[in-house]
Amino acid sequence: MPRFAANLSLMYTELPFLARFAAAARDGFQAVEYLFPYAYPAEELAELLDKHGLQQVLFNAPPGGRNLQEMALAWDAGMRGTLCLNGQEDSFRNGVWEALRYAQVLQCPRIHVMSGLIPNGAARYALRSRVLSNLRWAAQAAADVGVDIMIEPINHRDMPGYYLQTQDQAHSLAQTVAAPNLKVQMDLYHCQITEGDVASKLRQYLPTGRVGHIQIAGVPERQEPDVGELNYRYLFSVIDALGYSGWVGCEYRPRQDTSQGLAWMATLL
Ligand SMILES: O=C(O)[C@@H](O)C(=O)CO
Ligand SMILES: [Mg+2]
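Within any chain, residue numbers begin from 1 and follow the written order of that chain's sequence. Just so you know, chain letters begin at A and ligand numbers begin at 1, following the order they were written in. The predicted origin of the model limits local features to residues at a pLDDT of at least 70 and limits the giving and counting of side-chain atom pairs to 80 or more, whereas totals for whole chains, interfaces and linings rest on all residues.

**Some words on the sheet that holds strand β1 (residues 3–7)**
Alright, step 1. Two strands qualify as a pair provided DSSP detects at least 2 bridges between them. Strands are runs of DSSP state E lasting at least two residues, helices are runs of H or I lasting at least four, and both sets are numbered from the N terminus onward. Spatial ordering of the closed barrel is given by β1-β2-β3-β4-β5-β6-β7-β8, a layout of eight strands whose pairing is parallel. Neighbour to neighbour, the strand axes of the sheet diverge by 30° on average, direction disregarded.
Alright, step 2. Sheet strands in contact with helix α6 (residues 167–177) are β5 (148–151) and β6 (182–187), and its direction is about 170° off that of β6. Where helices are involved, their axes are fitted lines through C-alpha atoms of the stretch in contact, as for all axes, and angles between N-to-C directions lie from 0 to 180°. Residues are treated as contacting if the C-beta atoms built from their backbones sit within 7 Å of each other.

This is the structure:
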């Protein structure tokens, strides 16, 4: 049976962020993930995890910004990562350092580094050498503190112009860098929208050992996994049959009350 982590950026939004930890623990979750921790001191979040018996299993490096203040505001300012951006190497490195600092306090074993939006007029292939050199640097910096770096393909409809869109692209980068701690975050919601053929993609990529984290949501509304065109009962059995033992992040927007919406677990497992 997959091990589920609650995504506190999308779930429990009926509560203030810091109250979502207790709610997830009450609902039986043992692990959480979320997009960005930077609005709160790492020590305060670590205390909450400890108090509620939760593990932090994933969060994102800042999606941009030259200093701590800009990093905390970067998402709302429209930034979606600096991995592919020439001329923003300092921002990229400072963001990874800051994420690794949080990861150590939160004892979080992995961080997601967003790849960024392709600049106007630039061609995707022309950015590959920048991406590879940033990934090599990040994987080394993270390896020094025992953390894995994740890269995640994101669908073209939610994030037009995003650099990383397909599993194939992400695995090609991970294979080329060949660092044991550089992995792919396989979000089945994005995978279905961009590529489809999700079960075959799981069968193709899980055995490579390069998938470090899975995320789920119903398609197309990004709601509970029991709503929409994907058959998660079947996909969970595929994931189990392939021997995946990592976390599965519930990265969906509940239709109404988050706790009530968790009835899908009983029906789909
Ligand atoms: O799928 C997503 O949207 C997230 O996992 C993320 O990290 C960036 O938006
Ligand atoms: Mg995701």
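**Let's talk about the site of ligand 1**
Alright, step 1. Proximity of a residue to a molecule or strand is defined by its backbone-placed C-beta atom lying within 6 Å of that partner. Around ligand 1 sit Leu-35, Asn-60, His-112, Met-114, Glu-152, Ile-154, Asp-187, His-190, Gln-215 and Glu-251, and those are all the residues in its vicinity.
Alright, step 2. When residues are sorted by character, Ala, Val, Leu, Ile, Met, Phe, Trp, Tyr, Cys and Pro go into the nonpolar class, Asp, Glu, Lys and Arg into the charged class, and all the rest, Gly among them, into the polar class. Its residues assigned to classes, the shell around ligand 1 comprises three nonpolar, four polar and three charged.

**A few points about the pairing of β6**
Alright, step 1. Counting buried positions over the six residues of β6 gives six, a clear majority of the element.
Alright, step 2. Note on burial: count the other C-beta atoms lying within 10 Å of the residue's C-beta; 20 or more is buried, 12 or fewer is exposed, in between is partly exposed, and C-beta positions come from the backbone. Burial along β6 is two-sided: Leu-182, Val-184 and Met-186 facing one way and Lys-183, Gln-185 and Asp-187 facing the other are all buried.
Alright, step 3. Where β5 meets β6, three bridges bridge the pair, whose relative direction is parallel. Across the sheet, the residue bridging to Ile-149 is Leu-182, located in β6.
Alright, step 4. Direction of pairing for β6 relative to strand β7 (residues 211–216): parallel, over a ladder of four bridges. Looking across to β7, one finds that Gln-185 is bridged to His-213.

**Here we look at the nonpolar core**
Alright, step 1. When buried Ala, Val, Leu, Ile, Met, Phe, Trp, Tyr and Cys residues are joined through C-beta atoms within 7 Å, the set is termed a nonpolar core. Ranked by internal contacts, the top residues of the largest apolar core, which has 72 residues, are Ala-5, Val-32, Ile-111, Val-113 and Leu-188.
Alright, step 2. Sort the elements by how many residues they give to this core and helix α4 (residues 89–106) lands first, with seven residues.
Alright, step 3. The residues contacting Ile-111, other than those within four sequence positions of it, are Phe-59, Asn-60, Ala-61, Ala-99, Ala-103, Val-147, Ile-149 and Met-150.
Alright, step 4. Grouped together as the second largest cluster of nonpolar side chains are five residues, Met-71, Ala-74, Trp-75 and Met-79 included.

**Some words on the UniProt feature "domain: Xylose isomerase-like TIM barrel" (unreviewed entry) in the chain**
Alright, step 1. Under the UniProt annotation, "domain: Xylose isomerase-like TIM barrel" (unreviewed entry) lies at residues 21–267.
Alright, step 2. A helix fraction of 40% and a strand fraction of 13% characterise residues 21–267, whose end C-alpha atoms lie 24 Å from each other. UniProt positions are given in the numbering used here, feature names are shortened, and annotations may be inferred rather than shown by experiment.

**Thoughts on helix α5 (residues 128–143)**
The α-helix advances 3.6 residues per turn, and as a result positions three or four apart in sequence lie on the same side.
Alright, step 1. Helices are assigned an expected span. That span is 1.5 Å times one less than the residue count. Helix length check: α5, at 16 residues, gives a terminal C-alpha distance of 22 Å against a target of 22 Å (1.5 Å per residue), a fit within 8%.
Alright, step 2. In the core, the buried residues of α5 are packed alongside α4, β5, α6 and β6.

**Concerning the packing of helix α8 (residues 198–205) against helix α9 (residues 232–241)**
Alright, step 1. It is the contact of α8 with α9, at a shortest axis distance of 10 Å, that shows an interaxial angle of 10°. By the angle between their directions, the pair α8 and α9 is classed as roughly parallel. Listed contacts from α9 to Val-198, Ala-199, Leu-202 and Arg-203 of α8 are Tyr-234, Leu-235, Val-238 and Ile-239.
Alright, step 2. Of the residues belonging to the contact of α8 with α9, the class tally is seven nonpolar, no polar and one charged. Roughly parallel means an angle under 35 degrees; roughly antiparallel means over 145; roughly perpendicular covers 65 to 115; every other angle is labelled oblique.

**Regarding the pairing of β5**
Alright, step 1. The alternating pattern of β5 places Asp-148 and Met-150 and Ile-149 and Ile-151 on opposite faces, both of which are buried.
Alright, step 2. Pairing of strand β4 (residues 110–112) with β5 involves three bridges; the strand directions are parallel. Bridge assignment links Ile-111 to a residue of β5, and that residue is Ile-149.
Alright, step 3. Once you follow β4 into α5 and on to β5, the crossover reads as right-handed.
Alright, step 4. Orienting the strands away from the viewer, one traces the path from the first strand over the helix to the second; a clockwise path indicates a right-handed crossover. Handedness of the β5-α6-β6 crossover: right-handed.

**Here we look at unusual backbone geometry**
Alright, step 1. The amide bond that connects Val-219 to the next residue, Pro-220, takes the cis arrangement and shows omega of 10°.
Alright, step 2. Inspection of the secondary structure assignment puts Pro-220 in the loop between β7 and α9.
Alright, step 3. For Tyr-12, which is not glycine, the phi dihedral falls at a positive 60°.
Alright, step 4. Among the secondary structure elements, Tyr-12 is positioned in the loop between β1 and α1 (20–26).
Alright, step 5. Under the C-beta neighbour-count criterion, Tyr-12 is labelled buried, with 23 such atoms within 10 Å.

**Quick notes on the packing of α4 against α5**
Alright, step 1. One way to put it is that α4 packs onto α5 with a least axis distance of 11 Å and a crossing angle of 25°. Classified by the angle their axes make, α4 and α5 are roughly parallel. Both α4 and α5 take part in a crossing whose hand is right-handed. Side by side, α4 and α5 meet where Glu-89, Phe-92, Arg-93, Val-96 and Leu-100 of the first sit next to Asn-134, Trp-137, Ala-138, Ala-141 and Ala-142 of the second. Note on convention: near helix rotated counterclockwise from far helix by under a right angle means a left-handed crossing. Clockwise means right-handed.

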